[in-house]
Amino acid sequence: MTTTSMGRRLVTCLLNVSEARRKDLVERVAKAALYDSQGVRRDGTTVLNIFNDRDYNRSVITIVATVEAIREAVLSACEKACELFDMRDHSGVHPCLGAVDLVPIYPLGEDVGPDDCARESRAVAVGLTERVPGTSVFLFGWADAPHQRGLAQRRKEMGWFKKTPDLNGVRPCVGPVPCQRFGLTGVGASPYVMNCNVTIDTQDLTVGRRIAAAIRESTPGGLPGVQVLALPHEGAVEIACNVESVPGAGPSPTDAAAAPWPSFSIGGRPYCHVPARLIAARVARLAGDQGVATKRAALVGFTPIECRGLAELALSRGIAEFWKEQQSVRM
């Protein structure tokens, strides 16, 4: 398979695990996606990035593979995470329900559509509960047939946003009532979702929550596809944004200096996402209105276009552990 034809079959999983303080263990999870039990590398698979956040005690592992290879790569990583991490020992300021908290699969290549990603997500959900008895899964997005409820709605239904969720009251889609060790895992598929975080120079969560409410998609005048939490982080407040890709090509630039929104297609249908710079600028303005400065803004991982481009580069050069090749940490 040539690089170009492989690129057309690529998907990515931004695997979220509830551990960041023991980076060596998180790296073992990443390597489980890349190598089988005999240490043989899986074809058509690379890990582009590992992002660890100590305060959140949460890591995001960017796995990219062909749609034919993604299932085994993700299942092996989830298996290893369940072996290494125990929710009974977990502490962190970021909401979570499971040792493997989130398993989203996103299409990158032109020849991969919603049905492909939904199929692989459902297979991962079933495979996880079979390989690791005691694990439980809720489905979201394209995998949540026939409703196709979004991640934010499903998390709310599962109690993900609560400080002390009641797992006994949860009805998973696959597997038993969640146990304390593994918790509950969200598995699904959708257009690509980025994570963009902006830190504001205050410890006042009330200020952060006002800003989060103002930019949230559900607020009139909010940013399309943006879901937001305000969380304490490293002595400040972080405006943590999930940036969902939305149908369409995005708004037309209002002036010559404005750039169009990044766009791509899935099954011939156009999608776009709010640029990270726009989120950072909106947060800075809203914070400034309250006399608060911003400290930094960061993208966790990559944009969808960057993700595919780097994956094709890594796979063409035979680089499995691509995160080690990066000279600087990409947030």
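Residues numbered from 1 in each chain as written. Predicted model: local features only at pLDDT ≥ 70, side-chain atom pairs only at ≥ 80, totals over all residues. Heavy atoms only, no water.

- The name given to the protein chain in an unreviewed UniProt entry is Formiminotransferase cyclodeaminase N-terminal like 1, and the organism recorded there is Hippocampus comes.

### Concerning the overall build of the protein chain
Next, step 1: A tally of helices and strands in the protein chain yields eight helices and 13 strands.
Next, step 2: A compact globule built from 331 residues would reach a C-alpha radius of gyration of about 20 Å, and the protein chain, at 19 Å, matches this within 12%.
Next, step 3: If you line up the protein chain on its principal axes, its C-alpha atoms span 55 × 45 × 40 Å.
Next, step 4: Counting every position in the protein chain, which comprises 331 residues, the buried fraction comes to 55%.
Next, step 5: Within the protein chain, residue pairs in contact and separated by at least 24 positions form 73% of the contacts whose partners lie at least 6 positions apart.
Next, step 6: For the protein chain, the computed accessible surface area is about 14,300 Å², with 49% contributed by carbon and sulfur atoms.
Next, step 7: Side chains of the protein chain carry 38 positive and 35 negative charges; the gap between the two charge centres is 3 Å. (Helix = DSSP H or I, 4+ residues; strand = E, 2+ residues; numbered from the N terminus. Rg over C-alpha atoms; globule rule 2.2 N^0.38 Å. Buried < 20%, exposed > 50% of the residue type's maximum accessible area, 1.4 Å probe, protein only. Contact = heavy atoms within 4.5 Å. Areas by Shrake-Rupley, 256 points an atom, 1.4 Å probe, with all protein chains shown as cover. Lys, Arg positive; Asp, Glu negative; His and termini not counted. Charge placed at Lys NZ, Arg CZ, Asp CG, Glu CD.)

### Overview of unusual backbone geometry
Across residues other than glycine, the phi torsion is negative in most instances, and most of the peptide bonds are trans.
Next, step 1: The step from alanine 145 to proline 146 runs through a cis peptide bond, and the omega angle for that step is 0°.
Next, step 2: Along the polypeptide, proline 146 turns up in the loop between β5 (136-141) and α5 (151-158).
Next, step 3: With phi around 55°, glutamine 148 is a residue other than glycine that occupies positive phi space.
Next, step 4: Within the secondary structure, glutamine 148 sits in the loop between β5 and α5.
Next, step 5: Take glutamine 148: its relative accessible area is 47%, and that puts it in the partly exposed class.

### Section: the sheet that holds strand β11 (residues 263-266)
What holds strands together in a sheet is hydrogen bonding between their backbones, with the strands either parallel or antiparallel.
Next, step 1: Strand order in the open sheet formed by three strands is β10-β12-β11, with antiparallel pairing between adjacent strands. The sheet terminates laterally at β10 (246-247) and β11, the two strands that pair on one side only.
Next, step 2: Two elements, β11 and strand β12 (residues 269-272), share four bridges in a ladder whose sense is antiparallel. From the neighbouring strand, isoleucine 266 faces β12, where its bridge partner is arginine 269. (Pairing = 2+ DSSP bridges.)

### As for the domain arrangement of the protein chain
Next, step 1: Its domain assignment divides the protein chain into domain 1 (10-190 + 304-330) and domain 2 (193-300).
Next, step 2: Inter-centroid distance (C-alpha atoms) of domain 1 to domain 2 is 23 Å.
Next, step 3: Counting from both sides, the interface comprises 25 residues of domain 1 and, opposite them, 18 residues of domain 2.
Next, step 4: Counting the surface lost from both domain 1 and domain 2, the interface buries some 1,600 Å², and carbon and sulfur atoms represent 63% of this.
Next, step 5: On the surface where domain 1 and domain 2 come into contact, there are zero salt bridges. (Domains from an automatic or database assignment. Buried area = accessible area lost by both parts, 1.4 Å probe. Salt bridge = Lys/Arg side-chain N within 4 Å of Asp/Glu carboxyl O.)

### Quick notes on the layout of surface pockets
Next, step 1: Considered as a void within the structure, the largest pocket measures approximately 890 Å³ in volume.
Next, step 2: Lining the largest pocket are 41 residues, and of these Leu151, Arg155, Gln227, Asn242 and Glu244 sit closest to its centre.
Next, step 3: Looking at the lining of the largest pocket, its residues break down into 23 nonpolar, 12 polar and six charged.
Next, step 4: Residue assignment places the lining of the largest pocket across two domains, with domain 1 (10-190 + 304-330) and domain 2 (193-300) each supplying three or more.
Next, step 5: As a volume, the second largest pocket reaches approximately 640 Å³. (1 Å grid on protein atoms, 1.4 Å probe; cavity = no way out; pocket = protein on both sides within 12 Å on 5 of 7 lines; lining within 4 Å. Points joined across faces, edges and corners; volume = space filled by probe spheres on them. Nonpolar A, V, L, I, M, F, W, Y, C, P; charged D, E, K, R; others polar.)

### Quick word on the packing of helix α3 (residues 70-84) against helix α4 (residues 114-131)
Next, step 1: Interhelical geometry of α3 versus α4 gives an angle of 35° and a closest axis separation of 10 Å. Regarding α3 and α4, the two cross each other, and that crossing is right-handed. Residues Ile70, Arg71, Glu72, Val74, Leu75, Ser76, Cys78, Glu79 and Cys82 of α3 form the contact with α4, whose own contacting residues are Arg119, Glu120, Ala123, Val124, Gly127, Leu128 and Arg131.
Next, step 2: In terms of residue class, the contact of α3 with α4 is made up of eight nonpolar, two polar and six charged. (Axes fitted to C-alpha atoms, helices over the stretch in contact; angles between N-to-C directions. Left-handed = near helix turned anticlockwise from the far one by under 90°.)

### Structural notes on the pattern of salt bridges
Next, step 1: Following the criterion strictly, the structure yields 21 salt bridges and no others.
Next, step 2: One salt bridge connects arginine 131 with glutamate 72, and the closest N-O pair in it is separated by 2.7 Å. Residue arginine 131 is located in helix α4, and its partner glutamate 72 is located in helix α3; the two are separated by 59 residues in the primary sequence.
Next, step 3: Across the pair glutamate 312 and arginine 308 runs a salt bridge, and its minimum N-O distance is 3.3 Å. Linking glutamate 312 with arginine 308, this pair stays in helix α8 (residues 304-316), spanning four residues, or about one helical turn. For the residue pair glutamate 312 and arginine 308, the accessibility class agrees, reading buried in each case.
Next, step 4: When salt bridges with common partners are traced through the structure, they connect Glu27, Lys31, Glu321 and Lys324 into a single cluster.

### Examining the side chain of arginine 58
Next, step 1: Mapping arginine 58 onto the fold places it in strand β3 (residues 58-66).
Next, step 2: A relative accessible area of 7% places arginine 58 in the buried class.
Next, step 3: Engagement of the side chain of arginine 58 in a polar contact is seen with the backbone oxygen of proline 95, the distance being 3.5 Å. (Polar contact = N/O pair within 3.5 Å; in protein donor to acceptor, adjacent residues only side chain to side chain.)

### Concerning the nonpolar core
Next, step 1: Among the nonpolar cores identified, the biggest contains 99 residues, and Leu15, Ile63, Ile239 and Ile279 are the most heavily contacted of them.
Next, step 2: Looking at this core, the element that brings in the most residues is α3, giving nine residues.
Next, step 3: The two domains that each donate at least three residues to this core are domain 1 (10-190 + 304-330) and domain 2 (193-300).
Next, step 4: Once residues within four sequence positions are removed from consideration, isoleucine 63 is found in contact with Val11, Thr12, Cys13, Leu15, Ala33, Thr45, Thr46, Val47, Ile70, Ala73, Val74 and Ala77.
Next, step 5: Formed by 10 residues, the second largest nonpolar core is a distinct cluster that contains Leu102, Leu151, Leu167 and Val170. (Core = buried A, V, L, I, M, F, W, Y, C linked by side-chain atoms within 4.5 Å.)

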